[in-house]
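Residue-level structural notes
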Amino acid sequence: MRVLSGIQPSGGLHVGNFFGAMRQQLGLQAEHDCFYFIADYHALTSNPAPGEIAKRTVGVAMDYIALGLDTEKTVFWRQSDVPEVTELAWLLSCVTPLGLLQRCVNYKDKVAQGLSPNHGLFAYPVLQAADILMYKSDLVPVGADQKQHIEVTRDIAIRFNNNYGEILTIPREQIIESAAIVPGLDGQKMSKSYGNTIEIFEPEDSIKKKIMRIVTDSTPVEEPKDPDKCNVFALLKLVASADELSEWENKYRSGGMGYGEAKKRLAELMIDYFKPFREKRAHLESNPDSVKEILADGAKRARAVAAETLAQARKAVGLGG
Ligand code: ADP
Ligand code: TRP
């Protein structure tokens, strides 16, 4: 099965991103033919400084490779290295009703927040449809916020096929439901926009300091505590072995344990968990050219598939000839 997903080059991946989405995406590699790319064309809709975009793209590429993207098996590339996708987006635009895009919640939310939208932001789902349809994707693993974009993609593909013949594969989405929402330092959902994150690759002493600051209630040391209401315990669940976790559960319930003790152990476990990835990333940082080569090789592989689909789509609508 062909699995495809795009990753925004927004930088600063956090523990919530990893346990909530990336781990599942990376897990699909073992059994499926995965196509993963960094959506730098999409990032342009928020007009980042020109110097920023390439830097962030390479940074996110390093993150993914360090965290386990299999560069031999998985096709991994930078979206803008396959410019054919913008041509397919145009062909799709011409069968996309305006109303379909006007109903997109992501777009409406940004406008409601007071953002003055550019045409790229409005047309964002059409480019996303081109990403998906170009590579004849069967399954698209995404967070719940992207569900509507996959529905738009299906709708556009059906319209195209109705007009021009069965050229495009109708994809299914696969919503990544995190087993649990990962809490941030303040107990709200961990999110860049709340400034409550633990970043995967931030310095170890900074991870330790942040963990010691996690908000807990004021139950005195000697009293029993409810692990299911504790942010520290929620994070322990992600990194502790099953045996160790049940020991902590006992300590919580029987009292005599302070949150500081649990935080200290959490910091050790969190740092240990990401240590091999951190080492791999440091290695990549000292070999940025190797990352650029991986992306260039991925672009070559992606482009071969893209050229074929685009040729079929151009012929179907009656261009060239
Ligand atoms: P942020 O909220 O930091 O901007 P994104 O919206 O870019 O994060 O999230 C990227 C992916 O990571 C999404 O698929 C989302 O479901 C997942 N994710 C982000 N934060 C969490 C969290 N705290 N718990 C579980 N999953 C999360
Ligand atoms: N819009 C997606 C996001 O914000 C990124 C993306 C772009 C994408 N093209 C895609 C995801 C194609 C899945 C398939 O996360």
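Residues numbered from 1 in each chain as written. Chains lettered and ligands numbered in written order. Predicted model: local features only at pLDDT ≥ 70, side-chain atom pairs only at ≥ 80, totals over all residues. Heavy atoms only, no water.

What about the packing of helix 1 (residues 15-27) against helix 12 (residues 259-285)?
Packing of helix 1 against helix 12 brings their axes to within 13 Å, and their N-to-C directions diverge by 55 degrees. Relative to helix 12, the element helix 1 lies oblique. Of the two elements, helix 1 crosses helix 12, and the hand of that crossing is left-handed. For the pair helix 1 and helix 12, the contacting residues are Val-15, Phe-18, Phe-19 and Arg-23 in the first and Met-270, Tyr-273 and Phe-274 in the second. Residue composition of the contact of helix 1 with helix 12, by class: six nonpolar, no polar and one charged. (Axes fitted to C-alpha atoms, helices over the stretch in contact; angles between N-to-C directions. Helix = DSSP H or I, 4+ residues; strand = E, 2+ residues; numbered from the N terminus. Parallel < 35°, antiparallel > 145°, perpendicular 65-115°, else oblique. Left-handed = near helix turned anticlockwise from the far one by under 90°. Contact = heavy atoms within 4.5 Å. Nonpolar A, V, L, I, M, F, W, Y, C, P; charged D, E, K, R; others polar.)

Examining the side chain of Asn-161
With respect to the element layout, Asn-161 can be found in helix 8 (residues 147-164). Taking the relative accessible area as the measure of exposure, Asn-161 reaches 4% and is therefore buried. (Buried < 20%, exposed > 50% of the residue type's maximum accessible area, 1.4 Å probe, protein only.)

Let's talk about helix 10 (residues 231-239)
All of the buried residues along helix 10 are Asn-231, Val-232, Phe-233, Leu-235, Leu-236 and Val-239. Against the buried residues of helix 10 lie helix 1, helix 11 (242-254) and helix 12.

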